[in-house]
Amino acid sequence: MRKNITIDTDFIQEEMCCWGVPTLALSVVREGMEPFTAAFGDIAEKGRTADAHTAFCIASCSKAMTSALAAMLVSEGKLNYDTPVVEYLPSFALADPEASENTTLRDILCHRTGLGGHDGIWPVPETLDQFTRRFRYLLPSAPFRKKAQYSNIMYALAGRLCEQVTGKDWSALMHEYIFSPLKMDESSCTADRLTRSGNWAVPHQVIEGRLTSLSVWNTDTVAPAASVNSTAADMTRWLDFLVRKGETAEGKRLIEESVFEEMISKQIDFPDFISGDCLFPSDGYAFGWQTGAYKGRRIRKHTGKIEGYSSIHAFLPEEKLGVAIMMNLHSPTVSIMHAILYTVIDSLLGEKKENWSEKFRPETPLTAADYDDCTVDIFRQRYPQAESLESSAKIPPSNFVGTYFAPGYGQLEIISEGNGLFLCFRQSKLPLQPYWGNLFRAEGFKADILTLHLPVTFIFDPQGKAVCAQVPFEPLTADISFRRV
């Protein structure tokens, strides 16, 4: 008879209270022991308590599942980590000719293609094939293979490769290769499936000091990077698969052991979200996993964050131990997730008890500003002394109004309503506050987990009519230039 796992749930609820987390789910597995699940809090706006079958979006923890799917296809001989992408997708191209010719699945999975975030280009209603054809127009922000730059959009390309070699779409592949064999019957990989599940945690963010429910952020465009929805019960099956090193509970091997080991081996240096040796930061990136050591033992982990959701999953391969935490709070969550993670690991390893809560909490009481760490004011960073105008009357609105276009980013519109101008791009309609010169401020643009306040500058023709709008949608490159059409 297998032993039960014992977890201090009072500690978890105290942490939730401290950080203001509405709902949290925990999954724990250890070889030879019964899997443990627990859920805390209520499902907002549904009048019921969360349980092990409540679904959360796991956001970027999805990357490990994408990596596992790719590893299964490598094990089947359908993919190779080191074959150039162009041999699978002849239409593939990047702006850097060297990267176009040589990028491999290995480069994609460890974020070393030279292409940075460019999260401003999604979500859009396009297939993975349509979306990845945009990449040839996007400026790189590092030399090919020289630096890890976290990229959701390149994980979309990893998914597109899986589609190409199987002839099946992404959602079907996830169900066939991951969810079905692991019996993850409550998991899905589209925003629509989450909201139709009937038992799901509503996403939340603290805005201006107030806990606020959000709409589900549609990540379908970059589904292989961030789209998986799962429950505490299903995550125990995922963790069990990991501690078995690619084998199902029934003994069926889905990933060859050598391929599994390669999947979790460090490929490149990569900075962690945490710092300080006593907090055990990771040292690198494998394929969908951060690599490192915890008290002398190998640990693989990854965090996830998207509009109103945060998650972490981790496993210790030699200890055959895995932990997953999911919650419906946007930020800050790194501290609570690691405090719970380390406390659970210590208890299962028989390590001396440590006050991880105290080590990860700030020294002063939380303020509204602590919950605003995902807002970036690029405008003020660039123009700290800029002064606004009361109106844009100095230049007639008609000189700005029109449609603008940038390869890779698509169409942007400037419209006039009432006494003001608005920037319409993707799913956003942002008021433009005029400043002196050709400068405007656009507040509240959503790019992945960030809310950006952006400068918008215009270039005029000799007649004073705007012919180009420039916006730093990707801060690591030159401003994106949208030319009037």
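Above this text you will find the structure in question.
Computed from a predicted structure; not experimentally measured. (Residues numbered from 1 in each chain as written. Predicted model: local features only at pLDDT ≥ 70, side-chain atom pairs only at ≥ 80, totals over all residues. Heavy atoms only, no water.)

How should the overall build of the protein chain be read in this particular structure?
Regarding its fold elements, the protein chain presents 15 helices and 22 strands. What you see for the protein chain is a C-alpha radius of gyration of 23 Å, in line with the 23 Å of a compact globule of 485 residues. Counting only C-alpha atoms and orienting by the principal axes, one finds that the protein chain spans roughly 85 × 55 × 45 Å. Split into buried and exposed, the 485 residues of the protein chain put 56% on the buried side. Here the analysis covers contacts within the protein chain between residues at least 6 apart in sequence; of these, 63% occur between residues at least 24 apart. Total accessible area computed for the protein chain in this model is approximately 19700 Å², and 49% of it derives from carbon and sulfur atoms. Across the protein chain, the mean location of the 48 positive side-chain charges is 2 Å away from that of the 60 negative side-chain charges. (Helix = DSSP H or I, 4+ residues; strand = E, 2+ residues; numbered from the N terminus. Rg over C-alpha atoms; globule rule 2.2 N^0.38 Å. Buried < 20%, exposed > 50% of the residue type's maximum accessible area, 1.4 Å probe, protein only. Contact = heavy atoms within 4.5 Å. Areas by Shrake-Rupley, 256 points an atom, 1.4 Å probe, with all protein chains shown as cover. Lys, Arg positive; Asp, Glu negative; His and termini not counted. Charge placed at Lys NZ, Arg CZ, Asp CG, Glu CD.)

What am I meant to see in the packing of aromatic side chains here?
Here the distance between the centres and the angle between the planes together describe a pair of aromatic rings. By the definition in use, this model includes 31 aromatic pairs. Between Phe425 and Phe473 the ring centres are 4.7 Å apart and the planes differ by 20°, which places this aromatic pair in the stacked class. Residue Phe425 is found in strand β17 (residues 420-425), and its partner Phe473 is found in the loop between β21 (466-471) and β22 (480-484); the two are separated by 48 residues along the sequence. Exposure class is identical for Phe425 and Phe473. Each is buried. An aromatic cluster is defined as three or more aromatic residues linked by ring pairs; in this entry it consists of Phe280, Tyr294, Tyr342, Trp356 and Phe360. (Phe/Tyr/Trp six-rings, centres within 6.5 Å; stacked < 30°, edge-to-face > 60°.)

For this particular structure, what's the right way to read the side chain of Thr451?
Assignment of secondary structure puts Thr451 in strand β20 (residues 450-460). Judged by its relative accessible area of 12%, Thr451 falls in the buried class. A polar contact of 2.9 Å, which involves the side chain of Thr451, links it to the side chain of Lys446. Leave out the neighbours within four places in its chain, and Thr451 touches Cys374, Thr375, Val376, Gly444, Phe445 and Lys446. (Polar contact = N/O pair within 3.5 Å; in protein donor to acceptor, adjacent residues only side chain to side chain.)

What is the right way to look at helix α1 (residues 9-19) in this model?
Residues three or four positions apart in an α-helix share a direction because the helix packs 3.6 residues into each turn. By the burial criterion, the buried members of α1 are Phe11, Ile12, Glu15, Met16 and Trp19. Looking straight down α1, one finds that the buried residues subtend no more than 140° of arc, so they occupy a single side. Across from the buried face of α1, at angles greater than 90 degrees, the exposed residues are Asp10, Glu14 and Cys17. The backbone nitrogen of Asp10 has a side-chain oxygen 3.2 Å away, supplied by the residue at the start of α1, namely Asp8. Downstream of α1 by a residue or two, Gly20 has a phi angle that is positive, lying close to 75°. (Arc of directions from axis to C-beta.)

Would you explain the nonpolar core in this entry?
Within soluble globular proteins, side chains that are nonpolar generally end up buried alongside one another. With 118 residues, the main nonpolar core has Met65, Ile153, Ile178, Trp238, Met263, Phe473 and Phe482 as its most contacted residues. If we ignore the near neighbours within four places in the chain, the residues touching Met65 are Ile58, Met174, Ile178, Phe179, Met184, Val228, Met235 and Trp238. Within the second largest apolar cluster, 40 residues are counted, among which are Met16, Ala38, Phe40 and Ile345. (Core = buried A, V, L, I, M, F, W, Y, C linked by side-chain atoms within 4.5 Å.)

For this particular structure, what's the right way to read the pattern of salt bridges?
Working definition: two side chains of opposite charge can pair if their charged atoms are close together. This structure, assessed with the given rule, holds 32 salt bridges. With a shortest N-O distance of 2.6 Å, Asp82 and Arg106 are connected by a salt bridge. Taken together, the positions of Asp82 in the loop between α2 (62-75) and α3 (85-88) and Arg106 in helix α5 (residues 105-109) put the pair 24 residues apart, joining distant regions of the chain. By relative accessible area, Arg106 is classed as buried at 10%. As a salt-bridge pair, Asp107 and Arg145 come within 2.9 Å of each other at their nearest N and O atoms. Of this pair, Asp107 sits in helix α5 while Arg145 is found in the loop between α6 (128-132) and α7 (152-166), placing the two residues 38 residues apart along the sequence. With relative accessibility at 38%, the residue Arg145 sits in the partly exposed group. Residues participating in the shared-partner salt-bridge network are Arg30, Arg297, Glu319 and Glu351. (Salt bridge = Lys/Arg side-chain N within 4 Å of Asp/Glu carboxyl O.)

What should I look at first to understand the sheet that holds strand β13 (residues 321-327) in this one?
The pairing of strands in a sheet happens through backbone hydrogen bonds and is either parallel or antiparallel. Taking strand neighbours across the sheet as the criterion, the nine strands line up as β3-β2-β1-β13-β12-β11-β10-β9-β8 in an open arrangement whose pairing is antiparallel. Only two strands of the sheet have a single partner each, and these edge strands are β3 (48-49) and β8 (268-269). Sheet analysis places strand β11 (residues 297-306) next to strand β12 (residues 309-316), joined by seven bridges and oriented antiparallel. Across the sheet, His302 pairs through a bridge with His313, a residue of β12. Packed on one face of the sheet, α1 meets β1 (23-30) and β2 (36-43) and runs near 35° to β2. Together, β1, β10 (290-294), β11, β12 and β13 form the strand contacts of helix α13 (residues 334-349), whose direction differs from that of β13 by roughly 155°. (Pairing = 2+ DSSP bridges. Axes fitted to C-alpha atoms, helices over the stretch in contact; angles between N-to-C directions.)

Honestly, the state of the cysteines in this entry has me stumped. Any pointers?
Here, disulfide denotes a covalent bond that connects the sulfur atoms of two cysteines. Counted under the stated rule, the structure contains zero disulfides. The structure places no disulfide on Cys162, whose sulfur is separated from the nearest cysteine sulfur, that of Cys189, by 12 Å. (Disulfide = S-S within 2.5 Å.)

Sorry if this is basic, but what is going on with the environment of Glu31 here?
In this structure, Glu31 sits in the loop between β1 and β2. A residue is classified by how much of its surface remains accessible, and Glu31, at 55% relative accessible area, is exposed. Here the alpha-carbon distance between Glu31 and Glu261, two residues 230 residues apart in the chain, equals 18 Å.

Help me understand unusual backbone geometry in this model?
The bulk of non-glycine residues show a negative phi, and the bulk of peptide bonds are trans. The omega torsion across Trp122 and Pro123 is 5°, close enough to zero to call that bond cis. Here Pro123 lies in the loop between α5 and α6. Residue Pro332 is reached from Ser331 by a cis peptide bond, and omega for that bond is -5°. Take Pro332: it is sitting in the loop between β13 and α13. A positive phi angle, near 65°, is found at His111, a position not held by glycine. Its place among the elements puts His111 in the loop between α5 and α6. You can call His111 buried: its relative accessible area is 2%. In this structure, Lys245 is a non-glycine residue whose phi angle is positive, near 55°. Looking at the element boundaries, Lys245 is found in the loop between α11 (232-243) and α12 (257-263).

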